[in-house]
Amino acid sequence: MKTEELAAKLKNILLLEQRRGYNNKAVLGGVEAFIQKTVLPQASDDDPQAKRILKASEKLLGYSTCAPEERSTKVKEALDLLDGKASSVFPLPNIRQAPSRSVPDLEKPISSMPGVGQRRAALFGRLGIHLIRDALEYYPREYHDRSNLRKIAELQFGNTETFIAKVKEVSVRKLSNNLNLLTARLQDETGFIDATWFSRGFVRRDLEPGMEIIVTGKVGQFLGKLKVESPEYEHLDKSLLHSGRIVPIYRSTEGLNNKLLRSVIHDIVAYHSVRIEDHLPQHLIDELSLLDLGDALYQIHFPDSWDQLEAARRRLAFDEFLEIQLGALMKQAVRRRSKGALALDVRKPQIGEFLTNLPFRLTGAQERVIQEIMHDLESDVPMNRLLQGDVGSGKTVVAASALITAFANGYQGAIMAPTEILAEQHYKGISRLVSVLGEDAPKVSLLTGSIKGKERDDLYQAVEQGEIDILIGTHALIQEGVRFNNLAVCVVDEQHRFGVEQRAALRAKGVNPHLLVMTATPIPRSLALTIYGDLDLSVLDEMPPGRQPIQTFALTPEQRSWAYNFLREEVERGRQAYIICPLVEESEKIEAKAAIEEYERLQKYVFPDLRLGLLHGRMKPREKDEVMERFRLGELQVLVSTAVVEVGIDVPNATVMLIEGADRFGLAQLHQFRGRVGRGTEKSYCLLLSDSPSEDARKRLEIVQECSDGFVLAEEDLKMRGPGEFYGIRQSGQINLKVAKLSDFGLLEETRKIAAELLEDDPDLRHYPKLRSRVVERMKTLSEAN
Ligand code: ADP
Ligand code: MG
């Protein structure tokens with residue numbers, strides 16, 4: 001550690017001691033131990049700064065045994081020594097300031113805050129701050145380090161700098177009817193500089209010659225002279241909020257600047273952080289060395305140091321995860337106590353016959369998962385299970401065995417897929433699978449939006465009368481007209497493509513039916529447990545044997561023509577190919593436009609002799625299905641598509657997946673695209689074209705080139721980019737994390753464990769009513785979204 005860092009560290013500890021009332025807990029083991037173990041060994045006494053540290057340390061001798069008043073003197077003296085010259089020039093920053101006005105209770109409206117009238121309250125409301133409490137939890141968007149003070153002579157053009165100066169003179173110039181320029185000449189012992197502010201109409205004059213202020217602003221120039229443009233400033237004799245410290249920057253709105261926000265929030269935080277009751281059990285705070293809630297709240301808004309900010313984040317992130325995990329586990333416990341599902345006999349002969357007569361041997365993973373499901377179906381607690389399995393891992397047969405179990409017991413089953421094509425694919429696949437039962441096979445039917453009129457009415461009737469055993473379809477399954485006779489098992493494929501209501505609607509077609517939801521989106525386990533906390537989890541982590549690995553090439557822009565040639569050769573050999581257009585973030589409309597252009601370019605200049613098709617998100621479902629169908633039938637040789645290319649679509653003759661702008665996609669998403677090929681007997685290829693020359697982009701694509709495990713890629717992705725829309729997680733509603741990051745698997749696991757331990761002793765959290773009510777509050781929003 002450098003001497004400066006050491007001094008800063010000791011200083012921070014002492015400041016923390018001040019704030020905590022000198023309880024000798026600012027550092028683990030106490031102040032004296034810190035000096036013995038850390039300071040003394042590192043402070044070599046040949047530089048002046050180190051001498052100061054040693055002197056300060058001397059002052060602190062006997063700290064652990066003396067009374068608080070004495071401690072306060074010791075700390076003050078040590079701080080003065082540490083600060084050397086600085087402390088005599090301006091007051092110490094970073095000491096927790098008292099609020100400058102009276103602060104109402106947490107549940108009072110923000111308009112009750114002095115200085116916040118109705119008009120401002122409306123502006124606060126726009127930021128989501130309605131109650132005083134909301135301000136406490138309105139965390140900064142970022143922080144600017146304004147703790148490094150400069151002398152005026154040291155100011156650098158183009159930088160944002162902080163300095164202390166005396167106001168020499170102030171002048172106002174009228175630029176137009178309504179626009180004024182306020183100039184203040186600022187001075188310190190090294191020189192002077194002008195600060196300027198434009199203002200409309202009335203000029204507020206709170207700067208007077210002779211005042212000492214601390215200023216932060218961007219250094220610009222005018223006619224060759226440096227000046228500071230519209231800096232923020234504070235009077236030195238007041239508390240330091242906006243300068244001379246690590247300053248919080250809040251998301252703001254027009255009419256409510258950061259300075260105002262900061263001072264209102266500061267008063268609220270300063271007042272309530274010392275009064276708020278911690279909802280965490282003390283033993284956890286101690287064991288895990290977490291900050292107290294009050295300290296964490298203060299530090300996340302007005303950090304004393306980057307270390308303190310980190311500690312605050314850790315504490316608040318811990319709370320968020322813990323509450324989510326507690327909520328999920330409590331919900332799960334409730335569900336596991338609920339009854340009323342049909343307990344099915346899983347030993348019916350048709351089930352065994354089905355499983356033993358499959359056209360292939362089940363993988364170990366399939367067998368295990370089918371066991372897990374059978375175990376659920378046997379119980380009168382309704383199954384609520386998430387099945388995760390990479391594309392091609394064989395989820396369909398697992399779903400079919402659940403449906404067969406319903407059928408064997410004399411009940412109905414249903415499976416819902418997000419598109420007509422997928423529904424049809426399931427219809428064919430499942431019909432084929434169950435045909436091994438010959439005469440005794442269940443009656444399987446397909447219901448989609450294109451089935452209309454009499455055909456549909458007849459189907460409705462057959463379903464209602466129980467003549468159909470397994471109904472396969474799209475959203476059409478949850479139309480009002482669909483009534484089952486006795487629906488016992490529901491399956492939802494690609495479940496993230498459905499809304500909560502839609503899943504619930506399918507469920508409501510039966511009386512407490514068993515539910516299996518399936519996804520090919522690989523989500524690391526700890527995350528899945530968090531997002532889908534009240535679902536049980538099954539994973540198909542093994543591929544059926546004999547799959548040809550898909551050869552992947554991470555290519556540079558110069559290799560584009562090579563890639564086009566490669567694709568052409570495959571097509572000329574009778575194969576088909578996909579070309580994925582780069583991701584366009586702005587909007588679906590712009591993305592569609594870019595895709596149309598790319599399609600036209602490819603058709604006209606690159607593959608004029610091939611039959612190309614186009615698929616993008618602005619097309620109607622029917623148009624999409626039509627293009628997909630033509631591709632499936634081989635009428636189209638190359639499908640140019642945006643990212644909408646249907647997950648789960650199965651065209652075994654397609655062997656090339658070319659992805660443009662591959663660096664813009666997540667790794668797991670690239671893996672999903674790649675899963676569109678390699679579905680037949682022919683060797684398949686994935687070509688990743690990147691338009692970014694960056695080392696980073698290359699490395700990421702090389703990971704995809706080398707790794708074919710979707711879960712590993714998803715985890716890499718999360719570490720690098722965080723979860724995005726890809727996971728269908730709406731940060732706002734579903735989990736509402738302000739501080740925690742879903743990519744923090746370590747913390748996720750830790751809180752999961754702690755939550756389980758807490759609940760084991762106290763399933764209803766009776767001993768921790770405050771924690772309990774926070775969990776309940778969070779679950780309310782969760783159940784609205786989930
Ligand atoms: P997904 O998990 O992507 O829905 P599918 O259920 O569509 O995967 O299965 C992909 C292909 O693998 C299908 O053609 C299916 O018949 C085949 N398959 C599934 N399980 C096995 C197995 N154990 N052995 C061989 N092939 C299998
Ligand atoms: Mg599938």
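What you see is a predicted model, and the numbers here were worked out from it, not measured in a lab.

**A short note on the site of ligand 1**
Link 1 in the chain: Neighbouring residues of ligand 1: 14 residues in total, closest Arg 361, Gly 392, Lys 395, Thr 396 and Arg 547.
Link 2 in the chain: Take Gln 366: an N or O atom from its side chain is 2.9 Å from a nitrogen atom of ligand 1.
Link 3 in the chain: Between ligand 1 and the protein, one listed contact pairs an oxygen atom with a side-chain N or O atom of Lys 395 at 2.8 Å.
Link 4 in the chain: Here ligand 1 loses 73% of its free accessible area of 570 Å² to cover by the protein chains.
Link 5 in the chain: Of the residues in the shell around ligand 1, the class split is four nonpolar, six polar and four charged.

**Quick look at the pattern of salt bridges**
Link 1 in the chain: Under the definition given, this model contains 38 salt bridges.
Link 2 in the chain: Between Arg 347 and Glu 378 there is a salt bridge, and its shortest N-O distance comes to 3.2 Å. With Arg 347 in the loop between helix H11 (306-337) and helix H12 (349-356) and Glu 378 in the loop between helix H13 (364-377) and strand S9 (384-389), this pair connects stretches of sequence that are 31 residues apart.
Link 3 in the chain: For Arg 347, a relative accessible area of 64% puts it in the exposed group.

**Some points on the UniProt feature "domain: Helicase ATP-binding" (unreviewed entry) in the protein**
Link 1 in the chain: Here the UniProt feature "domain: Helicase ATP-binding" (unreviewed entry) sits at residues 376-540.
Link 2 in the chain: The distance from the first to the last C-alpha atom of residues 376-540 is 17 Å, and the span holds 35% helix and 22% strand.

**What about the packing of H13 against helix H14 (residues 395-408)?**
Each packed pair of helices is defined by two parameters, the angle between the axes and the distance between the axes.
Link 1 in the chain: Following both chains from N to C, one finds H13 and H14 inclined at 30°, their axes separated by 10 Å at the closest point. Judged by the angle between their axes, H13 and H14 are roughly parallel. Handedness of the crossing formed by H13 with H14: right-handed. Contact with H13, carried on its side by Gln 366, Val 369, Ile 370, Ile 373, Met 374 and Leu 377, involves Val 397, Val 398, Ser 401, Ala 402 and Thr 405 of H14 and no other residues of that element.
Link 2 in the chain: Residues that form the contact of H13 with H14 fall into these classes: eight nonpolar, three polar and no charged.

**Side note on the environment of Ser 743**
Link 1 in the chain: Looking at where Ser 743 falls in the secondary structure, it is placed in the loop between helix H25 (731-735) and helix H26 (745-761).
Link 2 in the chain: Ser 743 sits 440 residues away from Pro 303 along the chain, and the two C-alpha atoms are 24 Å apart.
Link 3 in the chain: For Ser 743, the residues in contact, after removing those within four places along its chain, are Leu 718 and Lys 719.

**A few points about the packing of aromatic side chains**
To describe a pair of aromatic rings, you give the distance between the ring centres and the angle between the ring planes.
Link 1 in the chain: Scanning the entire structure with this criterion turns up ten aromatic pairs.
Link 2 in the chain: Look at Tyr 298 and Phe 302: their rings are 6.0 Å apart centre to centre, the planes differ by 40°, and that puts the pair in the tilted class.
Link 3 in the chain: For Tyr 298, a relative accessible area of 0% puts it in the buried group.
Link 4 in the chain: A centroid spacing of 5.2 Å and a plane angle of 85° characterise the contact between Phe 665 and Phe 673, whose relative ring orientation is edge-to-face.
Link 5 in the chain: A residue is classified by how much of its surface remains accessible, and Phe 665, at 0% relative accessible area, is buried.

**Things to note about the packing of helix H22 (residues 667-674) against helix H23 (residues 695-706)**
Link 1 in the chain: Here H22 crosses H23 at 40°, and the two axes come no closer than 10 Å. Classed by the angle they form, the pair H22 and H23 counts as oblique. As for the relative orientation of H22 and H23, their crossing is right-handed in sense. Two secondary-structure elements touch here, H22 through Leu 667, Leu 670 and Arg 674 and H23 through Arg 700, Leu 701, Ile 703 and Val 704.
Link 2 in the chain: Of the residues in the contact of H22 with H23, the class split is five nonpolar, no polar and two charged.

**Overview of the side chain of Thr 196**
Link 1 in the chain: Assignment of secondary structure puts Thr 196 in strand S5 (residues 191-200).
Link 2 in the chain: Excluding residues within four positions of it along the chain, Thr 196 makes contact with Leu 181, Leu 182, Thr 183, Lys 227, Val 228, Glu 229, Ser 230 and Pro 231.

**Side note on unusual backbone geometry**
Link 1 in the chain: Even without being a glycine, Asn 24 presents a positive backbone phi close to 60°.
Link 2 in the chain: The topology assignment puts Asn 24 in the loop between helix H1 (3-19) and helix H2 (31-42).
Link 3 in the chain: Positive phi outside glycine occurs at Leu 765, with the angle close to 55°.
Link 4 in the chain: Counting through the fold element by element, Leu 765 comes out in the loop between H26 and helix H27 (769-785).

**Brief notes about a positive patch on the surface**
Link 1 in the chain: Residues Lys 452, Arg 456, Lys 620 and Arg 622 make up a contiguous surface patch of positive charge.
Link 2 in the chain: Looking at the element boundaries, Arg 622 is found in helix H21 (residues 621-632).

**Considering the pairing of strand S15 (residues 536-540)**
Link 1 in the chain: Taken across its five residues, S15 has five buried, putting it largely inside the fold.
Link 2 in the chain: Burial of the side chains of S15 extends over both faces: Asp 536, Ser 538 and Leu 540 are buried on one face and Leu 537 and Val 539 on the other.
Link 3 in the chain: Pairing geometry for S9 and S15, over five bridges, is parallel. From the neighbouring strand, Gly 389 faces S15, where its bridge partner is Leu 540.

**Some remarks on the sheet that holds strand S11 (residues 444-447)**
Link 1 in the chain: If you walk across this open sheet you meet the seven strands as S11-S12-S10-S13-S14-S9-S15, and the pairing is parallel. Two strands bound the open sheet, and with one partner strand each, they are S11 and S15. With strand direction ignored, the average angle separating the axes of adjacent strands in the sheet is 20°.
Link 2 in the chain: Relative to strand S12 (residues 470-473), S11 is paired through four bridges, and the arrangement is parallel. Paired with Val 444 across the strands is Ile 470, a residue of S12.
Link 3 in the chain: Here helix H16 (residues 453-464) sits on the sheet and contacts strand S10 (412-416), S11 and S12; the angle it forms with S11, its principal contact strand, is near 135°.
Link 4 in the chain: Against the sheet, helix H17 (residues 500-507) touches S9, S10, strand S13 (487-492) and strand S14 (514-519), its axis set at about 155° to S13.

**A look at the environment of Pro 114**
Link 1 in the chain: Structurally, Pro 114 can be placed in the loop between helix H5 (86-89) and helix H6 (118-126).
Link 2 in the chain: Linking Pro 114 and Pro 104, residues ten residues apart in sequence, is a C-alpha distance of 8.8 Å.

So, how was this worked out
Note that residues are indexed from 1 along each chain, following the sequence as it is written. Think of it this way: whatever chain is written first is A, whatever ligand is written first is 1, and the rest follow in order. At least 70 in pLDDT is required for a residue's local features to be given in this predicted model, at least 80 for side-chain atom pairs to be given and counted, and no such filter applies to totals for whole chains, interfaces and linings, which use all residues. Neither water nor hydrogens contribute to the side-chain values; these are computed over all heavy atoms in the structure. Residue proximity to a molecule or strand is established when one non-hydrogen atom of the residue lies within 4 Å of it. In protein, a polar contact requires one atom able to donate a hydrogen and another able to accept it; more generally it is a pair of N or O atoms within 3.5 Å, and residues adjacent in sequence count only if both atoms are side-chain atoms. Note that accessible areas follow from Shrake-Rupley with a 1.4 Å probe, and for residues the cover is restricted to the protein chains shown. When residue character is reported, Ala, Val, Leu, Ile, Met, Phe, Trp, Tyr, Cys and Pro are called nonpolar, Asp, Glu, Lys and Arg charged, and the others, Gly included, polar. Salt bridges are defined by distance alone: a side-chain nitrogen of Lys or Arg within 4 Å of a carboxyl oxygen of Asp or Glu. The way it works is that DSSP assigns letters per residue, a run of H or I at least four long becomes a helix, a run of E at least two long becomes a strand, and they are numbered from the N terminus. Each residue gets one of three labels from its accessible area relative to the maximum for its type: buried under 20%, exposed over 50%, partly exposed in between, using a 1.4 Å probe on protein chains only. UniProt positions are given in the numbering used here, feature names are shortened, and annotations may be inferred rather than shown by experiment. Under this scheme, a helix contributes an axis fitted over its contacting stretch, all axes are lines through C-alpha atoms, and angles between N-to-C directions fall in the 0 to 180 degree range. We call two directions roughly parallel when the angle between them is under 35 degrees, roughly antiparallel when it is over 145, roughly perpendicular when it lies between 65 and 115, and oblique otherwise. Note on convention: the crossing is left-handed when the near helix lies turned anticlockwise from the far helix by less than a right angle, right-handed when the turn is clockwise. Contacts between residues were defined by any pair of non-hydrogen atoms, one from each residue, lying within 4.5 Å. The criterion for an aromatic pair is that two Phe, Tyr or Trp rings (for Trp, the six-membered ring) have centres within 6.5 Å, with stacked assigned to planes under 30 degrees apart, edge-to-face to planes over 60 apart and tilted to the rest. Patch criteria: residues need more than 30% relative accessible area and no salt bridge. Like-charged residues are merged within 9 Å; nonpolar side chains of Val, Leu, Ile, Met, Phe, Trp and Tyr are merged within 5 Å. In this count, Lys and Arg are taken as positive residues and Asp and Glu as negative ones, while His and the chain termini are left out. Charge positions come from single atoms, namely NZ of Lys, CZ of Arg, CG of Asp or CD of Glu. For two strands to be treated as a pair, DSSP must find at least two bridges joining them.

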